[in-house]
Amino acid sequence: MKRNILLIAVFVLSQFATMQAQDAKSDSYRMKGYVDALMKKMTLDEKIGQLNLITPGSGIPTGSVVSTDVENKIKQGKVGGLFGVIGVDKIKQAQKLCMDNSRLKIPLIFGSDVIHGYKTTVPIPLGLSASWDMKLIEHSAREAAIEATADGLCWTFSPMVDIARDPRWGRIAEGAGEDPYLGSQIAKAMVKGYQGDDLSKNNTMMSCVKHFALYGASEAGRDYNTTDMSRVRMYNEYLPPYKAAVDAGVGSVMSSFNEIEGIPATGNKWLLTDLLRNQWGFKGFVVSDYTSVNEMINHGVGDLQTVSAMSLRAGLDMDMVGEGFLTTLKKSLREGKVTQKQIDDACRRILEAKYKLGLFDDPYRYISEERMKQEVLSAARRKAARDLAAHTFVLLKNNNETLPLKKSGTIALIGPLANDKSNMLGTWAVSGDPQMSIPVLEGMKNVGGSSVNIIYAKGANISDDTLFAKKINVFGTRIDIDKRSPEEMLTEALNAVNQADVIVAVVGEASEMSGEASSRTDITIPESQKILINALSKTGKPLVLVVMTGRPLALTQENSLATSMIVTWHAGIEAGNAIADVLFGNYNPSGKLSATFPRNLGQVPIFYNHKNTGRPSGPNSPKFQSNYLDAPNTPLFPFGYGLSYTSFSYGDISISKTNPKGNEKITASITVTNTGKYDGEEVVQLYIRDVVGTNTRPLKELKGFQKINLKTGESKTVSFSISPADLKFYNHNLKYDWEPGEFHIMIGGNSDDVKMVKVNWAK
Ligand code: BGC
């Protein structure tokens, strides 16, 4: 009987799977038919028009060019899509212009940088990644999609998955940090969140993974700079998150500004066709970055016609802003520099994307005033943003249990970011309104209630350097240099401290000190704030530093002066409330760093999954070892690090088998106990070292993690299943396989503090 039921179940399931496969087949058959018929009607100009993505310039232009004559081009069918148009009314107007005037009425696709939330801005991506919570991250992308589509958009230029190991690079803020495994999990979660299970629904949007590829490895951390690395490094360390996004079904890919092996990514055939399409099986379309086709002229590979033809031939489908495709492809076709098929293929991919988004069924599908009113900045979404933000903060130090703060007594709330709205959203918050954000002072009052006395003083400017401030203030005032002198501000702050039991100083970077074109050669807190922190620490009162930043900072000095220190990134529209929730203990911090915090800039690039070298540094740093004369090799705070108000203890690892063979799976388990006074969450991390290989292997690599909840006194056993698939790597022949031998299996609460067992895995 049981067997029969089982057989029937298997039969029904297999029928269901077959039906689904057939459905997908017939869907793509229908799409092909539709696009074929449409393309038959299109002129060459109209086809080239589909490859043109422009911006009327109402968003944030990130290059020197903005598009002109947009209206006429739309009417003439010379535009495939628009970005930087924000708001349902404007999008409706533009779509109507296209539908009422263009010959074939091919709907426009509307894109935007919905990077960390839409109008309900959530923490910057580097912050989100510090939550190590894939459900929350997926949910945040889902929420962003619901809100952005309600305002007319259907395409987001996110996620940015560039691995970054150099905190000088300002765009480290936009990604998930330094690790390929964590980065891949996040890439997948975000694509799923944006795209949902059906792209044609009016509350899902097409995702665009960027910047393909290796953009985070720009030399000296200077934006747009050259990258160069071996393919072994590329395949093992930099490419996995892009691949994870492709495997998750991402609809589009954005090429990067940098060159790879001497060929700009935007015109790199190996990258865009051989790897992306042929090896990885990507079926969507590739868009350039902002004028990155034209910039190939500066790279030095030819004039506009040459670089445009080169990009199309390489596999680029859509040209962002530069209009090299629009203005030169016809000539290149005549001259035999590109083929009709290459133009057709690119056009087809863009039309297919529009088809999948349901735009041919209804060009106004994403345009609904009613939905906009209901969804944009809804109270529920703001509440979720507050909760999410609290999960991203990383507690770096907490002496004498200074945190959580008591909801009584007097707090001196000091610092240039303590009562600031303009910097809360962080970089790349193009649709957010800083004025709607909650500053820390307001959040502290909201959460602390009437029994806490809060005395606020600014204490210092973010920076006193007027030239620097001018560069930062391009999108509005972010560094507001006070009319008062630094001495006057400091005196006011010290007076406040005099009356207080504890100091909370909110310091760090302005939002535009990280992000695009915001590289720094100094990754410490600006001098004006260092002076303030020094003076505050001299008062002898407990000093809590709340550090807002878009990058790992070198916080060596601050760490020595502060009693407690917590990094809150740029936390979004609800920043102040979320920070207060954590400072007062309504939420116990659980974030862990996704990028190493160095002791000083000289250690950069610094990352946990490095190689051993032939002369690894010994305990006393003797001569002729791989080390520095003036600093240890170890960072200030390692990858995966983050404290809690409670404490966790780890037992020993128990392993199901120490001599596995072939494709066997083994289980590594560890018991974690909450030994402190608060309920809390802990990210339990699994690392593996492949001790001997035909290629040298990193000292450890993250291979799994689980975020668990433990009540005070509670223990939980966490198990990781490990199979040979987790041991695979690309060798010097780019063969992806595992090699038998000794492996160290490590589990712990950060990359530097782990328990270890050895396993010998035979083939
Ligand atoms: C950035 C991209 C962004 C694009 C459109 C470029 O400057 O590099 O990340 O998606 O502008 O705003």
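Parameters and conventions
Residues numbered from 1 in each chain as written. Predicted model: local features only at pLDDT ≥ 70, side-chain atom pairs only at ≥ 80, totals over all residues. Heavy atoms only, no water. Helix = DSSP H or I, 4+ residues; strand = E, 2+ residues; numbered from the N terminus. Rg over C-alpha atoms; globule rule 2.2 N^0.38 Å. Buried < 20%, exposed > 50% of the residue type's maximum accessible area, 1.4 Å probe, protein only. Contact = heavy atoms within 4.5 Å. Areas by Shrake-Rupley, 256 points an atom, 1.4 Å probe, with all protein chains shown as cover. Lys, Arg positive; Asp, Glu negative; His and termini not counted. Charge placed at Lys NZ, Arg CZ, Asp CG, Glu CD. Domains from an automatic or database assignment. Buried area = accessible area lost by both parts, 1.4 Å probe. Salt bridge = Lys/Arg side-chain N within 4 Å of Asp/Glu carboxyl O. Nonpolar A, V, L, I, M, F, W, Y, C, P; charged D, E, K, R; others polar. Patch = residues over 30% accessible without salt bridge, like charges linked within 9 Å, V, L, I, M, F, W, Y side chains within 5 Å. Polar contact = N/O pair within 3.5 Å; in protein donor to acceptor, adjacent residues only side chain to side chain. Pairing = 2+ DSSP bridges. Axes fitted to C-alpha atoms, helices over the stretch in contact; angles between N-to-C directions. Core = buried A, V, L, I, M, F, W, Y, C linked by side-chain atoms within 4.5 Å. Right-handed = clockwise from strand over helix to strand, strands pointing away. Left-handed = near helix turned anticlockwise from the far one by under 90°. Parallel < 35°, antiparallel > 145°, perpendicular 65-115°, else oblique. Phe/Tyr/Trp six-rings, centres within 6.5 Å; stacked < 30°, edge-to-face > 60°. Lys NZ or Arg CZ within 6 Å of the ring centre and 35° of its normal. Arc of directions from axis to C-beta.

Enquirer: Would you mind showing me how to read the overall build of the protein chain here?
Expert: A tally of regular secondary structure across the protein chain gives 22 helices and 26 strands. Its C-alpha atoms give the protein chain a radius of gyration of 27 Å, near enough to 27 Å, the size a compact globule of 763 residues would have. Overall size of the protein chain, expressed as C-alpha extent along the three principal axes, is 80 × 70 × 65 Å. Evaluated residue by residue, the protein chain yields a buried proportion of 60% over its 763 residues. Considering only contacts in the protein chain between residues 6 or more positions apart, those separated by 24 or more positions represent 79%. Carbon and sulfur atoms make up 51% of the accessible area of the protein chain, which amounts to about 29,700 Å² in all. One way to put it: in the protein chain the 87 positive side-chain charges average out to a point 4 Å from where the 81 negative ones average out.

Enquirer: Is there a simple way to explain the domain arrangement of the protein chain in this structure?
Expert: In many reports, interface size means the accessible area that the parts give up when they come together. What the domain assignment reports for the protein chain is domain 1 (377-603) and domain 2 (648-761). Facing the 7 residues of domain 1 at the interface are 10 residues of domain 2. Here domain 1 meets domain 2 over a buried area of about 650 Å², counting both sides, of which 39% is carbon and sulfur. Its largest share of buried area at the contact with domain 2, domain 1 owes to Asn588, Ser590 and Lys592, together 63% of the area lost on that side. On inspection of domain 1 and its partner domain 2, the count reaches 2 salt bridges. The partner of Glu401 in a salt bridge is Lys677, with the nearest N and O atoms 2.8 Å apart. Residues that form the side of domain 1 that touches domain 2 fall into these classes: 2 nonpolar, 3 polar and 2 charged.

Enquirer: Where do I start with a negative patch on the surface in this structure?
Expert: A contiguous patch of negative charge on the surface is contributed by Asp464, Asp465, Glu487 and Glu488. Positionally, Glu487 belongs in helix 19 (residues 486-498).

Enquirer: So what exactly am I meant to see when it comes to the side chain of Thr392 here?
Expert: Relative to the helices and strands, Thr392 is located in the loop between helix 16 (379-390) and strand 11 (394-398). Assessed through its relative accessible area of 0%, Thr392 is described here as buried. At 2.7 Å, the side chain of Thr392 and the backbone oxygen of Ala389 are in polar contact. Dropping the residues within four chain positions of it, Thr392 is found in contact with Pro123, Gly127, Leu128, Ala130, Ser131 and Trp569.

Enquirer: Please clarify how the sheet that holds strand 25 (residues 741-750) should be interpreted in this entry.
Expert: One key point about sheets: their strands pair by backbone hydrogen bonds, in either a parallel or an antiparallel sense. Spatially, 4 strands are ordered 21-20-25-26 in an open sheet, and the strand pairing comes out antiparallel. Each edge of the sheet is formed by a strand with only one pairing partner; in this case those strands are strand 21 (701-710) and strand 26 (753-761). When the angles between neighbouring strand axes are averaged without regard to direction, this sheet yields 20°.

Enquirer: Explain the environment of Ala24 to me, please; I cannot follow it from the model alone.
Expert: In this structure, Ala24 sits in helix 1 (residues 2-41). The spacing of Ala24 and Leu329 is 305 residues in sequence and 34 Å in space, taken between C-alpha atoms.

Enquirer: Could you clarify how one ought to interpret the nonpolar core in this entry?
Expert: Within soluble globular proteins, side chains that are nonpolar tend to cluster in buried spots. Of all hydrophobic cores here, the largest spans 121 residues; its most connected members are Trp155, Phe212, Leu239, Ile414 and Leu555. Among the elements that line this core, the one with the most residues is helix 14 (residues 340-356), at 6 residues. Apart from the residues lying within four places of it in its own chain, the contact partners of Phe212 are Leu239, Tyr242, Val253, Met254, Ser255, Ser256, Ala265, Leu271, Leu272, Leu275, Leu276 and Trp280. The next biggest cluster of nonpolar side chains, apart from the first, holds 48 residues, and it includes Ile74, Ile86, Ile137 and Leu153.

Enquirer: Help me understand the pattern of salt bridges, please; the structure alone is not making it clear to me.
Expert: Two side chains of opposite charge can pair, provided their charged atoms sit close to one another. By the definition in use, this model includes 43 salt bridges. Note that Lys192 is salt-bridged to Glu138, the shortest N-O span being 3.9 Å. Taken together, the residues span a long stretch of sequence, with Lys192 in helix 7 (residues 180-195) and Glu138 in helix 6 (residues 134-150) at a distance of 54 residues. Residue Glu138 is classed as partly exposed on the basis of its relative accessible area of 27%. A salt bridge links Arg697 to Asp690; the shortest N-O distance between them is 3.6 Å. Across the pair, exposure class does not vary: Arg697 and Asp690 are buried alike.

Enquirer: Would you mind showing me how to read helix 10 (residues 269-279) here?
Expert: Every α-helix carries 3.6 residues per turn, so stepping three or four residues along brings you back to the same face. For helix 10, every residue scored as buried is listed here: Trp270, Leu271, Leu272, Thr273, Leu275, Leu276 and Arg277. Of the residues flanking the start of helix 10, the one acting as N-cap is Asn268, its side-chain oxygen 3.2 Å from the backbone nitrogen of Trp270.

Enquirer: Which parts of the structure should I look at to understand the pairing of strand 13 (residues 452-457)?
Expert: In this sheet, strand 13 lies alongside strand 12 (residues 409-414) in parallel orientation, the contact comprising 6 bridges. The residue of strand 13 that forms the bridge with Thr410 is Asn453. Taken together, strand 12, helix 17 (residues 440-448) and strand 13 constitute a β-α-β crossover, and its handedness is right-handed.

Enquirer: Can you walk me through the packing of helix 6 against helix 7 in this structure?
Expert: For any two helices packed against each other, the geometry is given by the interaxial angle and the distance between the axes. For the pair helix 6 and helix 7, the least separation of the axes is 7 Å and the interaxial angle reads 35°. The interaxial crossing formed by helix 6 with helix 7 has right-handed handedness. Residue-level contacts link Met134, Ile137, Glu138, Ala141, Arg142, Ala144 and Ala145 of helix 6 to Leu182, Gln185, Ile186, Ala189, Met190, Lys192, Gly193 and Tyr194 of helix 7. Residues that form the contact of helix 6 with helix 7 fall into these classes: 10 nonpolar, 2 polar and 3 charged.

Enquirer: Explain the packing of helix 8 (residues 231-238) against helix 9 (residues 240-247) to me, please; I cannot follow it from the model alone.
Expert: The geometry of helix 8 relative to helix 9 is characterised by a closest axis approach of 6 Å and an angle of 55° between their N-to-C directions. Comparing the axis directions of helix 8 and helix 9 gives the class oblique. Counting all contacts with helix 8, which are made through Met234, Tyr235, Asn236, Glu237 and Tyr238, the residues of helix 9 involved are Pro240, Pro241 and Tyr242. A class-by-class count of the residues in the contact of helix 8 with helix 9 yields 6 nonpolar, 1 polar and 1 charged.

Enquirer: What's the story with the packing of aromatic side chains in this structure? I'm lost.
Expert: Think of a pair of aromatic rings as described by two things: how far the centres are apart, and how the planes are tilted against each other in angle. What the rule picks out here adds up to 22 aromatic pairs. Taken together, a centroid distance of 4.9 Å and an interplanar angle of 85° make the contact between Trp155 and Phe157 edge-to-face. Each member of the pair, Trp155 as well as Phe157, is classed as buried. Connected via pairs of aromatic rings, a cluster forms that spans Trp132, Tyr181, Tyr608, Phe639, Tyr687 and Phe705. Directly above the ring of Phe607 sits Arg165, whose terminal nitrogen or CZ lies 3.7 Å from the centroid. We note Lys210 situated over the ring of Trp428; from NZ or CZ to the ring centre the distance is 5.6 Å.

Enquirer: Can you walk me through the sheet that holds strand 14 (residues 502-508) in this structure?
Expert: Strand order in this open sheet of 6 strands is 11-16-15-14-12-13, and the pairing throughout is mixed. Both edges of this open sheet fall to strand 11 and strand 13, since each of them pairs with a single strand only. Averaged over neighbouring strand pairs, the angle between their axes works out to 15° when direction is ignored. Here helix 19 sits on the sheet and contacts strand 12, strand 13 and strand 14; the angle it forms with strand 12, its principal contact strand, is near 165°. Sheet contacts for helix 20 (residues 527-538): strand 12, strand 14 and strand 15 (543-548); angle to strand 14, the most-contacted strand, approximately 165°.

Enquirer: Whenever I open this one, the pairing of strand 15 confuses me. Can you help?
Expert: Most of strand 15 is tucked away, with 6 of its 6 residues classed as buried. Alternating residues of strand 15 divide into Leu543, Leu545 and Val547 and Val544, Val546 and Met548, and every residue in both groups is buried. Pairing of strand 14 with strand 15 involves 6 bridges; the strand directions are parallel. Across the sheet, residue Val504 finds its bridge partner in strand 15, namely Val544. Handedness of the strand 14-helix 20-strand 15 crossover: right-handed.

Enquirer: Honestly, helix 17 in this entry has me stumped. Any pointers?
Expert: Those residues of helix 17 lying buried are Val440, Leu441, Gly443, Met444, Val447 and Gly448. Axial view of helix 17: buried residues confined to an arc of 160°, hence all on one face. Buried residues along helix 17 sit in contact with helix 16, strand 12, strand 13, strand 14, strand 15 and helix 22 (575-583). Gly449 occupies a position one or two residues after helix 17 and carries a positive phi of about 75°.

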